[in-house]
Amino acid sequence: MTVVRPGEGEERELGTIGVVFKLFGEQTNGQVSVVEHPFPVGACVPPHMHTREDEYSIVTEGEIGFRSGDREVVLGAGGYITKPRGETHTMWNAGRTPARMIEIISPAGFEHFFWGVTELGSAGPPDPEALAALAVEHGLVFGNAPWLDDIIARYDLTPPPGRR
């Protein structure tokens, strides 16, 4: 049995959003990992695609927008969404207050990408080549999303790194 009490877990900065590590795959026999993501106002996650895992998100505070493939939705607290592997997706704070979601990743393992990004960024912006190598190691592909500029404009978002 693994117990994670309210407020427990290691919280770190993950670029445009935060991450709180709740359950690593080593605690679930590799089945799932669980993290929480706080989204400050204006936050936008760079579009990306997972090649090895599916993600299941539950919004717990505020409003978070999701785009996966050609589908887009904004969910408030209590909303659930699936983001299947092989589909380019992004998420953003769609409101004017901080937002938060729980992310369930299956199978586990991708939480180590988040951990690696926080390590790379601990002394400033991560080195792009090191970040690219970490993405390859974890089967992550950053996506070219022609629809992102529209989302940034509609929700008055801070563009993710590498975007004007």
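Here's a quick rundown of the structure.

Let's talk about the packing of aromatic side chains
Stage number 1. On inspection of all chains with the given rule, the structure shows seven aromatic pairs.
Stage number 2. An aromatic cluster is defined as three or more aromatic residues linked by ring pairs; in this entry it consists of Phe 21, Phe 24 and Trp 115.
Stage number 3. Here the guanidinium or amino end of Arg 12 rests over the ring plane of Trp 115, the centre of that ring lying 3.6 Å away.

A closer look at the nonpolar core
Stage number 1. In terms of nonpolar packing, the biggest core is built from 24 residues, with Phe 39, Ile 64, Phe 66, Met 91, Phe 113 and Phe 114 touching the most fellow members.
Stage number 2. Only strand E2 (17-23), strand E3 (33-39), strand E6 (63-68), strand E10 (99-106), helix H1 (111-120) and helix H2 (128-137) provide two or more residues apiece to this core.
Stage number 3. In contact with Phe 113, not counting residues within four places along its chain, are Leu 131, Leu 134, Ala 135, His 138, Leu 140 and Phe 142.
Stage number 4. Grouped together as the second largest cluster of nonpolar side chains are 10 residues, Cys 44, Trp 92, Ala 145 and Ile 151 included.

Observations regarding the pattern of salt bridges
Stage number 1. As enumerated under the stated definition, the model contains 13 salt bridges in all.
Stage number 2. The closest approach of N and O atoms between Lys 22 and Glu 36, which form a salt bridge, is 3.6 Å. Here Glu 36 lies in strand E3 and Lys 22 lies in strand E2, a separation of 14 residues in the sequence. Residues Lys 22 and Glu 36 agree in their burial class; the two are buried.
Stage number 3. The salt bridge partner of Glu 87 is Arg 71, with a shortest N-O separation of 2.6 Å. With a gap of 16 residues between them, Glu 87 in the loop between strand E8 (80-83) and strand E9 (89-93) and Arg 71 in strand E7 (residues 71-76) connect regions that are remote in the sequence.
Stage number 4. One network of salt bridges, with partners in common, ties together Arg 67, Glu 72, Asp 150 and Arg 154.

Quick look at the packing of H1 against H2
Stage number 1. Interaxial distance between H1 and H2 falls to 10 Å at its minimum, and their mutual angle equals 170°. Considered as vectors, H1 and H2 are oriented roughly antiparallel to each other. Facing Phe 113, Gly 116, Val 117 and Leu 120 of H1, the residues of H2 in contact are Ala 130, Leu 131, Leu 134 and Ala 135.
Stage number 2. Here the contact of H1 with H2 is built from residues that sort into seven nonpolar, one polar and no charged.

Scoring rules and cut-offs
- Residues numbered from 1 in each chain as written.
- Predicted model: local features only at pLDDT ≥ 70, side-chain atom pairs only at ≥ 80, totals over all residues.
- Heavy atoms only, no water.
- Phe/Tyr/Trp six-rings, centres within 6.5 Å; stacked < 30°, edge-to-face > 60°.
- Lys NZ or Arg CZ within 6 Å of the ring centre and 35° of its normal.
- Core = buried A, V, L, I, M, F, W, Y, C linked by side-chain atoms within 4.5 Å.
- Buried < 20%, exposed > 50% of the residue type's maximum accessible area, 1.4 Å probe, protein only.
- Helix = DSSP H or I, 4+ residues; strand = E, 2+ residues; numbered from the N terminus.
- Contact = heavy atoms within 4.5 Å.
- Salt bridge = Lys/Arg side-chain N within 4 Å of Asp/Glu carboxyl O.
- Axes fitted to C-alpha atoms, helices over the stretch in contact; angles between N-to-C directions.
- Parallel < 35°, antiparallel > 145°, perpendicular 65-115°, else oblique.
- Nonpolar A, V, L, I, M, F, W, Y, C, P; charged D, E, K, R; others polar.

These values are about where atoms sit, not about what they do.
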